[in-house]
Amino acid sequence: MNNTDNEKIQNSVRLEPDKCNGCINCLKRCPTEATRLRGGKAQILEEWCIGCGECVRICERGAKVAVCDSLADALKSGFKYKIALPAPTLFAQFDSYDVDAMLSALKNLGFDAVFEIALANELVSFATKKLLHEGTVRPLIASSCPAVLKLILFKY
C-alpha cells in the first residue's frame, strides 16, 4: 500500500512483546505475512498489517491485542454529528431484543441519530444480484469490512 508522509498508519493490532514466547503461530496465520520473528519475539510490520485480527485470535499468550477506541471518548470527541449505524450483527448477539428499544438506547448513549443498516444491506444485495445477472465483469467485491478492503489493496 502506498502511504504519503502525511498519512499515519493506524493498526488495530498491538504487540505486547513481554507476553510473546516466539511460538510463530501468528506468523503462520497472517494472510499478509505482516508478522516477523526478531530476537525470538514477534514483530508487526505496520505497513503490511490489515487489522484482520487473526493473530489476536490465534495467540494463546495474549501477546497480540486488539486496539479500539473507547465509545465514551469517541462520543466526546468533538464531532459535529455522532451517528450510529448498527449492523444486524449487533442485534444477533442477544437472545431477545426490541429493535426500537435498542435504537433508543443508542441515542441515549449520546448519538445524535441512529439508522439501521439492514435495509441498506438488502438494497446492496439486490443491486449486486442484478449486476451479476447482467453479466458484470468479475470480480465484483462490495464490503464494508476494513480488513477485506485493506487485504485487496495490499494484494492487488
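Residues numbered from 1 in each chain as written. Predicted model: local features only at pLDDT ≥ 70, side-chain atom pairs only at ≥ 80, totals over all residues. Heavy atoms only, no water.

The biggest cluster of nonpolar side chains holds 13 residues, and the ones touching the most others in it are V13, L15, C26, A42, I44, C49 and A63. Taken together, the elements giving at least two residues each to this core come down to β1 (13-15), β3 (41-44) and α2 (54-58). Apart from the residues within four sequence positions on either side, V13 is in contact with I44, C49, G51, C55, V56, K64, V65 and V67. With 8 residues, the next largest nonpolar core counts L75, A84, F91 and M102 among its residues. (Core = buried A, V, L, I, M, F, W, Y, C linked by side-chain atoms within 4.5 Å. Buried < 20%, exposed > 50% of the residue type's maximum accessible area, 1.4 Å probe, protein only. Helix = DSSP H or I, 4+ residues; strand = E, 2+ residues; numbered from the N terminus. Contact = heavy atoms within 4.5 Å.)

Here we come to a nonpolar patch on the surface. A grouping of Y81, I83, L85 and F115 is seen on the molecular surface, where their side chains present a nonpolar patch of about 460 Å² in accessible area. With respect to the helices and strands, the residue L85 is situated in the loop between β5 (83-84) and α4 (88-92). Judged by its relative accessible area of 55%, L85 falls in the exposed class. (Patch = residues over 30% accessible without salt bridge, like charges linked within 9 Å, V, L, I, M, F, W, Y side chains within 5 Å. Areas by Shrake-Rupley, 256 points an atom, 1.4 Å probe, with all protein chains shown as cover. Salt bridge = Lys/Arg side-chain N within 4 Å of Asp/Glu carboxyl O.)

Next up on the list: the side chain of T32. Within the secondary structure, T32 is located in the loop between α1 (25-29) and β2 (35-38). Among the residues examined, T32 registers a relative accessible area of 3% and is labelled buried. If sequence neighbours within four positions are ignored, T32 has contacts with W48, C49, I50, L151 and F154.

The next thing to look at is helix α6 (residues 118-133). If you check α6, its first and last C-alpha atoms are 23 Å apart, about what 16 residues at 1.5 Å a residue would give, namely 22 Å. The positive-phi residue at the C-terminal boundary of α6 is G135, with phi of around 85°. (Expected span 1.5 Å × (residues − 1).)

We now examine the side chain of K82. Positionally, K82 belongs in the loop between α3 (71-75) and β5. A distance of 3.4 Å separates the side chain of K82 from the backbone oxygen of F79, its partner in a polar contact. Contacts of K82, omitting those with residues within four sequence positions, involve L75, G110, F111, D112 and A113. (Polar contact = N/O pair within 3.5 Å; in protein donor to acceptor, adjacent residues only side chain to side chain.)

With that settled, the discussion passes to the pattern of salt bridges. Evaluated as defined, the whole model comprises 5 salt bridges. The salt bridge partner of R14 is E16, with a shortest N-O separation of 3.0 Å. Classification of R14 by relative accessible area gives partly exposed; the value is 41%. Residue E16 is classed as buried on the basis of its relative accessible area, which comes to 18%. With its nearest N and O atoms 2.7 Å apart, the salt bridge here joins R57 to E54. Of the two residues, R57 and E54 both sit in helix α2, 3 residues apart, roughly one turn of that helix. Classification of R57 as exposed rests on a relative accessible area of 54%. Connected through salt bridges with shared partners, the residues R14, E16 and K19 form a single ionic network.

What follows is about unusual backbone geometry. Of note in this structure, I24 is not a glycine but carries a positive phi near 70°. Note on placement: I24 falls in the loop between β1 and α1. Overall, the relative accessible area of 34% leaves I24 in the partly exposed class. You will see that E33, though not glycine, has its phi angle at about 55°, which is positive.

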